[in-house]
Every structure is written in structure tokens, then in C-alpha cells.
Amino acid sequence: MSVKTAVDGVLAGARADLERLVRIPSIWADPAHSEDTHASARTVAELARGAGAATVRIVEVAGGAPAVVAQWPAPEGQPTILLYAHHDVQPTGGDEHWTTPPFEPTERDGRLYGRGAADDKAGVLTHIAALRAYAGRPPIGVTLFIEGEEESGSPTLPALLRAHHDLLAADVVVIADAANPAVDVPALTTSLRGLVDCVVEVAMLEHPVHSGMAGGAAGDALTALCRLLASLHDEHGDVAVPGLVRGERTAAGVGDDGAEAEFRANNGLLDGVELIGCGSIPERIWCHPAAAILGIDAPRVADAPNVLVPRARALVSLRIAPGDDPAAAQHALTEHLQAHVPWGAQLTVVPRTGGGPFSLEAIGDPYDAARRAFAEAYGNDVREIGMGGSIPFVAEFARTFPGAAVLVTGVGDPASHWHGIDESLHLGMFARGVLAEALLLAELARG
Ligand code: BES
Ligand code: MN
Ligand code: MN
């Protein structure tokens, strides 16, 4: 039987199991969904057993999310590949905004909608389906590693890699958690940004005071916070924090020069709204740092008494460029905030999550094997692209196993709305992604 025929035979079941996984709200970042994340890990473990794994374990370290490690031992003389994805998902952003409920997977126009349908339960099922296509006996050794706290910045991943070092060692790693330029154009992601974020709190007053009695002489913390946050960008919209790495574009791809209209449409920019920053779009989103305010804790407009706000806080997210270092960037951000806090307001900066950036040169046999497999599955050549998002596992794994080839792939497309409302998976892309991975296993077995 050809690999293509075998893959066609497992797709319906894989899609059904993807739906099963999407129904579990595994929002690890929300303590109310801790049990769901455990249920989701158990389901992944069950899928791995069903796909013929010789051993399946659910592993965790203190305070961390459950991860699944399953193994298919290498046939004599064959290499071992590590297949990575994550089973935790982002919060929904408000179920009421979704066209259909986020945890009820629904098909519309060839796409499967649901939280995690793309990010990254599709990655989980890509691996499972590729293994099923080999009836549980892949031609090379396979270790499946599905983590449960990626969306929280993988805080216990380094400890997990230390605790299970020998179990996770591999010659090649496939990270199925990224996106492609189009539904029929496969990508190898060769650079990712890192992330540091922190909670910034500004305090001005011991307690709220009448804004007319004291205002004009006493300032309020929310205005101080706004002024502080405004210092993060220069007048062009580039990040103004000194000491951060700002790279130049190395690879062309999605969102390239001239593709501004496409970028605007994919991301829903409103008419007349300008892009921020300088340089080509890929340069801005792959190679430059980016700062954003993700949330502010302050009185709600409807409930606000007319008082000066004594304290306010914000969640600041800083994407860092390939070549930068999370600890150095966190330090630079903190120094910048301390230097810019207005009016002598009391400032506290509490780091939250961090993950390293990554970049590689896709040179060597495993990359060529991937180029052949992906081109055959998609009918188009592989494009090397960068990515503005972050996957902490990538840098952490590369640091732990420096000899391994790192293939960052996935079945996302520009319309997947990762983390957004109405997240979805293109089902044709899913089929091609499974075939690509199954073909890759065969290519690697050929040596
Ligand atoms: N899968 C994403 C990264 C991604 C986004 C790849 C868009 C391709 C296209 C991943 O799950 C993610 O969201 N990572 C977090 C990591 C952070 C919490 C350290 C991110 O980038 O915000
Ligand atoms: Mn992801
Ligand atoms: Mn994500």
C-alpha cells in the first residue's frame, strides 16, 4: 500500500479524534481548567496507545502541566525522531464572540472551527495520524512528546527535559506548531521570536481621592501608567527600549514586501489604520522586537467613581528577536521602565513568562528529506519562513540536544486565527500535513 493510500485511510478517524480533543477545554493557564488539562493529557496518552506505542507515560514536574511521552522503538540501525506538539490551549477570549461555541468543533467551508483546532491539537493529531498510517510500526524510531503548558511559556519544560533527558534524545525533532504561507504551500520555519512579559504596576496614592479636590496637584496612577507605557514605542511605532537585538531579514516569505494588502486582510486591520514600525513586513514581525500591552487592571468605566486612581497595572508583552536573550531583554525592559516612570510614581515590575528566540540554517540531510516529503505532499516547493510567534520548546530542545536537526512545521495557514475568535483548521491542509509527515518518516528511513 502506498503511503498516500495509507494516510487517506486514517484521515477520517484522525479528524474524529481531533474533535474529541477539541471538546476538552485544556486551558492550563486557568487554574479552573487544571482537571481538563489532565483529562486532555489522558486522552492524548490513549491515542498514543491506540497508535501502537510500546510505552506511554504521563510525566510532570512539581507545579507543571502533564505532558505525554510515548515511544515506538527504532528498528535496527534506524534513527529516532521526536515528534512535538502541545495539548494545552489559549483562553477563548469570550465564548459569546464565537460564531459557534469554542469547544464544540464545527465544520464550515472545509475548515474545522474550535479552540485548539489549529493551535495545537491539529499538531497532536498530525503525529498520531502519521503513526497510524504505519499501523503503529513506523520505519524509524519515534518519540512522541506532547506538552501541556506551552501557552503558559513552558515554565517547567527545562526541568522536564532534565528529568527525562534520555527518553527525549533524538536525531531529528519535528515541531508541529507553526503555520504556512498558504493552504497548499508548505513551510519550514527557520526563525522564531522569543518572548518576555511582565506585570507593571504603578502606585501614586495611598487611597482614592476626590479628583476635583486634589486633581491638578496630585496625579493619578492610571495616567502615570499610560505615560509609562507610551514610552515603549518611538514615533514610528518601533520599540524604543534600548539594548534589544534588532535583526535584518534573512528569509523571504509570507507577508513579504508588496504583500501589505494581504497582511492587512489576514489580520483584520481597519481601513486607514497604519502599520507600525519600519522595515519590510517580514523584518518587522520576524526580526525586530515588538511590544504590546495585553491587559490593564483599572476601574471599569461604568463603575468608576470620580476619584484619582491610586494604583494601576498592566501586562506588557515583549517579543524579542532571534539572537537576543530573554534574561538580557527582561533586564533592558525593566531598566527602561524605571527610567521612564513619571512623577516619581512607585513602580514594580514582576516578570511572568519568558522563552528564547531561535534561528537555524536548514542545511543537511534531514532538511532535504523534509523538502522532498513536503513538496510531494503539497505539490509545491517548501518555503523557508520566519515567524513572529514563539515556541519555548524549540530553543530549549536545541540547547539540550545540540546535534539534532530541528524541523518547525505545522498545519496552520494565514486564516487560522491562532489565539483569536473563531480559530480554525483548514482540513485540506491537515490532510497534506499528515501525508507530509508520513512521507518524511519514510524519507528518513531511507537514510
Ligand atoms: N503555535 C504558537 C506559535 C505560533 C503562532 C506559530 C502563530 C505559528 C503561527 C504557540 O502556541 C504560541 O502561541 N506560543 C506562545 C508562546 C509564549 C507563551 C511563550 C506565543 O507565541 O505567544
Ligand atoms: Mn502552538
Ligand atoms: Mn499558541
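Residues numbered from 1 in each chain as written. Chains lettered and ligands numbered in written order. Predicted model: local features only at pLDDT ≥ 70, side-chain atom pairs only at ≥ 80, totals over all residues. Heavy atoms only, no water.

## Some details on the packing of helix α2 (residues 34-50) against helix α3 (residues 121-133)
Then comes step 1: Where α2 meets α3, the axes come as close as 9 Å, and the angle between the chain directions of the two elements is 15°. Classified by the angle their axes make, α2 and α3 are roughly parallel. The two elements α2 and α3 meet at a crossing, and its hand is left-handed. The segment α2 lies against α3, with Val44, Leu47 and Ala48 engaging Val124, Leu125, Ile128 and Arg132. (Axes fitted to C-alpha atoms, helices over the stretch in contact; angles between N-to-C directions. Helix = DSSP H or I, 4+ residues; strand = E, 2+ residues; numbered from the N terminus. Parallel < 35°, antiparallel > 145°, perpendicular 65-115°, else oblique. Left-handed = near helix turned anticlockwise from the far one by under 90°. Contact = heavy atoms within 4.5 Å.)

## A look at the site of ligand 1
Then comes step 1: Residues in close proximity to ligand 1 total 16 residues, the closest being Glu150, Arg319, Met387, Ser390 and His419.
Then comes step 2: At 2.8 Å, a side-chain N or O of Asp177 approaches a nitrogen atom of ligand 1.
Then comes step 3: One of the side-chain nitrogen or oxygen atoms of Arg319 is found 2.7 Å away from an oxygen atom of ligand 1.
Then comes step 4: Calculation on ligand 1 without its partners gives an accessible area of 520 Å², and the protein chains cover 90% of this total.
Then comes step 5: Residue classes in the shell around ligand 1 are distributed as six nonpolar, five polar and five charged. (Near = heavy atom within 4 Å. Polar contact = N/O pair within 3.5 Å; in protein donor to acceptor, adjacent residues only side chain to side chain. Areas by Shrake-Rupley, 256 points an atom, 1.4 Å probe, with all protein chains shown as cover. Nonpolar A, V, L, I, M, F, W, Y, C, P; charged D, E, K, R; others polar.)

## Focus on the sheet that holds strand β13 (residues 311-320)
Then comes step 1: What the four strands build is an open sheet, ordered β11-β13-β9-β14; its pairing is antiparallel. If you trace the sheet from one side to the other, it starts and ends with β11 (290-297) and β14 (346-355), each paired once. On average, each strand axis in the sheet is tilted by 20° relative to the strand beside it, whichever way the strands run.
Then comes step 2: Bridge count for strand β9 (residues 194-203) against β14 is eight bridges, and the pairing is antiparallel. Bridge pairing in β14 places Leu195 opposite Gly355.
Then comes step 3: Helix α6 (residues 221-230) rests against β9, β11, β13 and β14 of the sheet, and its axis sits at about 15° to β13.
Then comes step 4: Those strands touched by helix α9 (residues 326-340) are β9, β13 and β14, and its axis lies near 25° from that of β9. (Pairing = 2+ DSSP bridges.)

## Overview of the coordination of the manganese ion (ligand 2)
Then comes step 1: Only His86 (NE2), Asp119 (OD), Asp177 (OD) and Asp177 (OD) from the protein coordinate the manganese ion (ligand 2), and they sit 2.0 to 2.5 Å from it.
Then comes step 2: Spacing between the donor residues of the manganese ion (ligand 2) along the chain follows H-x32-D-x57-D.
Then comes step 3: The metal-metal distance between the manganese ion (ligand 2) and the manganese ion (ligand 3) is 3.5 Å, with Asp119 serving as a donor to both. Within this pair, whereas Asp119 is found in the loop between β5 (111-113) and α3, its partner Asp177 is found in the loop between β7 (172-176) and β8 (187-192), the two being separated by 58 residues in sequence. (Donors = N, O, S within 2.8 Å, 3.2 Å for Na, K, Ca; no water.)

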